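Per-entry structural report
Given next are the chains, with one letter for each unit.
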Amino acid sequence: MELATADTSLVQASGTPELPPGPDWPVVRSTARWWRRPLQTLEECGARYGDMFTYRLAHEGAWVFISDPEAVKQVFTGDPRLLHAGEANTVLLPVLGEHSVLLLDEPQHMAQRKLMLPPFHGKRMQAYGEVMTRIAAEEIDSWPADQPVRMRPRMQAVTLEVILRAVFGVEEGERLSLLRDELRRMLDLISNPRRAIFLLLLGAERLRRFRPFQRYVERVDRLIYAEIQGRRASGDLAGREDILSLLLEARDEDGRELSDRELRDELMTLLFAGHETTATALSWAIQLLARHPAELARLEGEVESEGEDYLDAVIKETLRLRPVVALVLRRLVEPMEIGGRLLPAGANVAPSIYLVHRRPDVYPEPERFRPERFIERPPGTYTWIPFGGGVRRCLGASFAEFEMAVVLRELVRRRRLLPAGAVEHPVRRTITMVPSRGGEVVAAPR
Ligand code: HEM
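Conventions and cut-offs
Residues numbered from 1 in each chain as written. Predicted model: local features only at pLDDT ≥ 70, side-chain atom pairs only at ≥ 80, totals over all residues. Heavy atoms only, no water. Salt bridge = Lys/Arg side-chain N within 4 Å of Asp/Glu carboxyl O. Pairing = 2+ DSSP bridges. Helix = DSSP H or I, 4+ residues; strand = E, 2+ residues; numbered from the N terminus. Contact = heavy atoms within 4.5 Å. Axes fitted to C-alpha atoms, helices over the stretch in contact; angles between N-to-C directions. Near = heavy atom within 4 Å. Polar contact = N/O pair within 3.5 Å; in protein donor to acceptor, adjacent residues only side chain to side chain. Phe/Tyr/Trp six-rings, centres within 6.5 Å; stacked < 30°, edge-to-face > 60°. Lys NZ or Arg CZ within 6 Å of the ring centre and 35° of its normal.

A look at the pattern of salt bridges
- Inspection of every chain in the model, using the stated rule, returns 44 salt bridges.
- Here the salt bridges share partners, and the residues they tie into one network are Glu171, Arg175, Glu227, Arg231, Arg240 and Asp242.

Section: the pairing of strand E10 (residues 426-429)
- Here E10 pairs with strand E11 (residues 432-435) via four bridges, running antiparallel. Bridge pairing in E11 links Arg429 to Thr432.
- Between E10 and E11, which follow one another and run antiparallel, lie two residues, and Thr430 among them has a positive phi close to 55°.

Examining the sheet that holds strand E9 (residues 415-419)
- Pairing in this open sheet of three strands is antiparallel, and the strands run E4-E12-E9 from one edge to the other. In this open sheet, the two edge strands, each paired with only one partner strand, are strand E4 (149-150) and E9.
- Where E4 lies against strand E12 (residues 440-445), two bridges are found, and the strand directions are antiparallel. Opposite Arg150, over in E12, you have Glu440 as the bridge partner.
- Helix H13 (residues 260-290) contacts E9 and E12 of the sheet and is inclined by roughly 80° relative to E9.

Here's the deal with the site of the ligand
- Around the ligand sit 26 residues in total, of which His109, Arg113, Arg330, Gly389 and Cys394 are the nearest.
- His109 places a side-chain nitrogen or oxygen 2.7 Å from an oxygen atom of the ligand.
- Secondary structure elements with two or more residues in the shell around the ligand: helix H5 (106-116), H13 and helix H18 (397-414).
- The biggest single contributor to the shell around the ligand is H13, with six residues.

As for the packing of aromatic side chains
- Under the counting rule described, the total for this entry stands at 12 aromatic pairs.
- Measuring from ring centre to ring centre gives 6.2 Å for Trp25 and Tyr55, while their planes differ by 90°; the resulting arrangement is edge-to-face. On the criterion of sequence distance, the pair formed by Trp25 in the segment before helix H1 (27-36) and Tyr55 in strand E1 (residues 52-57) is long-range, its members being 30 residues apart.
- Between Trp34 and Trp63, the ring centres sit 6.0 Å apart and the planes meet at 75°, which makes this aromatic pair edge-to-face. Residue Trp34 is found in helix H1, and its partner Trp63 is found in strand E2 (residues 61-66); the two are separated by 29 residues along the sequence.
- Aromatic ring contacts, followed pair by pair, group Trp25, Trp34, Tyr49, Phe53, Tyr55, Trp63 and Phe65 into a single cluster.
- It is Arg219 that lies over the ring of Tyr216; its NZ or CZ is 5.8 Å from the centre.
- Its guanidinium or amino end placed over the ring of Trp284, Arg322 lies 5.0 Å from that ring's centre, counting from NZ or CZ.

So this is what it looks like as structure tokens:
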């Protein structure tokens, strides 16, 4: 349930708040290691310290990783006044803007989230099926049939196009190609790891005033504002299905509508939160299928007979085994008891998606790609958490799963997937965990 919160998370416990044990390395070392090998670091610390440990990072302070489902539940159902997620994301402020639902907390966050929820309702996604199928089919048909193709850039092209059409609602033509070019330029700037580390080191405030960066944002903003104003003036909102048009029509309980500035910030948020994440998840799904012929054959059979259950299980298992982000964050406003320990105010509690998804007590043989597990048992609210949880759960989860299903169905119908080269491992790309060689496969003709 979206809005449910548990009063039990308020501090009643007495005693001195303290952080759980963790590596006592100098912060430069722990930061460098986290940056270079996040998953290995999580695994090693989990093996050494158990379900809860402290990890220190430069500029970030103490992160308390948790991986016990009961503790994760406490965080996801805890009082959002005490568990700030927006505050923990301020590094994104210069790009997303101060109205972004990702960066707000407390009543402002809930107000913005309520306005944005209806367009993302699961059933509404059907409306985007046709445009998503067309985009996927055109992209897949453009690939060579006899040499490896790197899936991640190809899937990024698909997810960017889907966002431009289904979220921004831009039609084919000059405006679409201008916006596509400018957005690509900006996305390259913020998701290229080498540049991103420089931008992160600058910090949110200095970055906002950094002239070359401002110029990127201004160019994109001009196009987005033109789109918003054009759409307001067009008078045909009622007949449109794209998310920008639905947001333009949204009203809160007092009849207030979103301002142009708020709309701009939310469009940037949807682009930023939905583009690279979905592309990464798709590249992993394709990688895994290419390397698991029995599972691929079962999927091909199901797609031929118009079924959907196994496809859904493939998507769920991909997001379990190769979660796109390794953790989510909440900053404690007051001391709070979590997992039997009173944690101090200011600590960042980090439910670790990666470690939760690898618990052998929840997922036997956790290293194995076995979509059947989600046919045998539906995913648990606090044990399958690729989209986070509670009042901050990913707004685009249904959108992403629906898009993944459309693209995978189209791919399996049109091509025969084969592995290329050695097995790929997850490596960090700013905040997402991507296949080490970009997800290479051969997509032979059927
Ligand atoms: C496979 C693809 C995706 C993954 C793995 C993913 C994952 C996440 C995660 C982990 C969070 C943070 C949740 C938390 O703190 O508890 C999040 C938040 C969010 N995501 Fe996604 N996401 C995906 C696709 C999308 C798409 C397609 C959109 C929109 C088009 C989107 C929009 C958002 C928004 C707006 C938030 C902020 C919600 C809030 O703070 O209230 N995401 N996502």
